[in-house]
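Observations on chain architecture
Here is what each chain is made of, one letter per residue.
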Amino acid sequence: MAHSSKAMVLEETKKLAHRIIHVPKGGFLFREQEDAAEFYIVKSGLIQISKLTENGKELTLRCLSAEACCGELTLFAIEPKYLFNAKALEDSEIYAVKIERIETMILSSNPEFVREFMVMINEHMRKQHTKFRDLVLNGKKGALYSTLIRMANSYGVEVEDGILIDLKLKNQELANYCGTSRERVNRMLNELAQEGILSLPSRQIIIHDLDRLKLLNHCEDCPVSVCVID
């Protein structure tokens, strides 16, 4: 989807917002199984979307920065409930739009908005499909490699010897993206460092050989717009 089209959808949706919510670091925008009444667009900050597994482990699915949206899976639901948890990793401000206002817009006579909104939702679903594919088909290593590639695409900054992932992230938080333990992530990161694929200076991650990481993950050359962390 062209950037201008997505921007148009987001701007039109923001106009429907009935309030802006401040969520302090560590606070929740919503929790899974709560009744859903609003759709959200991040104005500023960082929001983590996650789900608790049956054994109580946290699985992180997305990390949303400015202009990213969440709560879209509640639209047109018979009994709308939030399926995931949304937690602020930084102090955040969020546009909140009542679900019925978006549903009315979608059902209105604005075909351009409807089409681009559906394209945006389709793109989101493709992102989630590829994340689950990597986790299920390629195991814990695939989940880590996939997460590193997506973070490089989303938060990567080119430096002299590679791509710096410009995101403050503890190894436990990284492990949550992979559905595994911090200790196992530490071992896998050290293995990649020993192979020269990345380095870990001062608790940062610099990827030196992104192509090698993609090869190890059996990447299918998805568009960069799909291979992101949000």
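Remember, predicted model here, so these are calculated numbers, not experimental data.

Turning next to the overall build of the protein. Scanning the protein from N- to C-terminus turns up 6 helices and 12 strands. A globule of 230 residues ought to have a C-alpha radius of gyration of about 17 Å, and the protein, at 18 Å, matches this closely. Overall, the C-alpha framework of the protein stretches about 55 × 35 × 30 Å when taken along its three principal axes. Evaluated residue by residue, the protein yields a buried proportion of 44% over its 230 residues.

As summarised here, the arrangement of the 4 strands in space is 9-10-12-11, forming an open sheet in which the pairing is antiparallel. One side of each edge strand has no neighbouring strand; the edge strands of this open sheet are strand 9 (156-159) and strand 11 (198-199).

Moving on, we get to the side chain of Thr74. Note that Thr74 resides in the loop between strand 6 (69-70) and strand 7 (85-88). What makes Thr74 buried here is its relative accessible area of 4%. Beyond its immediate stretch of four places on either side in the chain, Thr74 contacts Ala36, Pro80, Lys81, Tyr82, Ile99 and Glu103.

Scanning the entire structure with this criterion turns up 5 aromatic pairs. For the pair Phe30 and Tyr40, a centre-to-centre distance of 5.7 Å together with 20° between the ring planes defines the contact as stacked. With Phe30 in strand 2 (residues 28-30) and Tyr40 in strand 3 (residues 38-44), the pair connects residues that are 10 residues apart, well separated along the chain. When its relative accessible area of 5% is taken as the criterion, Phe30 is described as buried. Assessed through its relative accessible area of 4%, Tyr40 is described here as buried. Taking 6.2 Å as the distance between ring centres and 35° as the angle between the ring planes, the aromatic pair formed by Tyr40 and Tyr82 counts as tilted. You can see Tyr40 sitting in strand 3 and its partner Tyr82 sitting in the loop between strand 6 and strand 7, a full 42 residues away along the chain.

Parameters and conventions
Residues numbered from 1 in each chain as written. Predicted model: local features only at pLDDT ≥ 70, side-chain atom pairs only at ≥ 80, totals over all residues. Heavy atoms only, no water. Helix = DSSP H or I, 4+ residues; strand = E, 2+ residues; numbered from the N terminus. Rg over C-alpha atoms; globule rule 2.2 N^0.38 Å. Buried < 20%, exposed > 50% of the residue type's maximum accessible area, 1.4 Å probe, protein only. Pairing = 2+ DSSP bridges. Contact = heavy atoms within 4.5 Å. Phe/Tyr/Trp six-rings, centres within 6.5 Å; stacked < 30°, edge-to-face > 60°.

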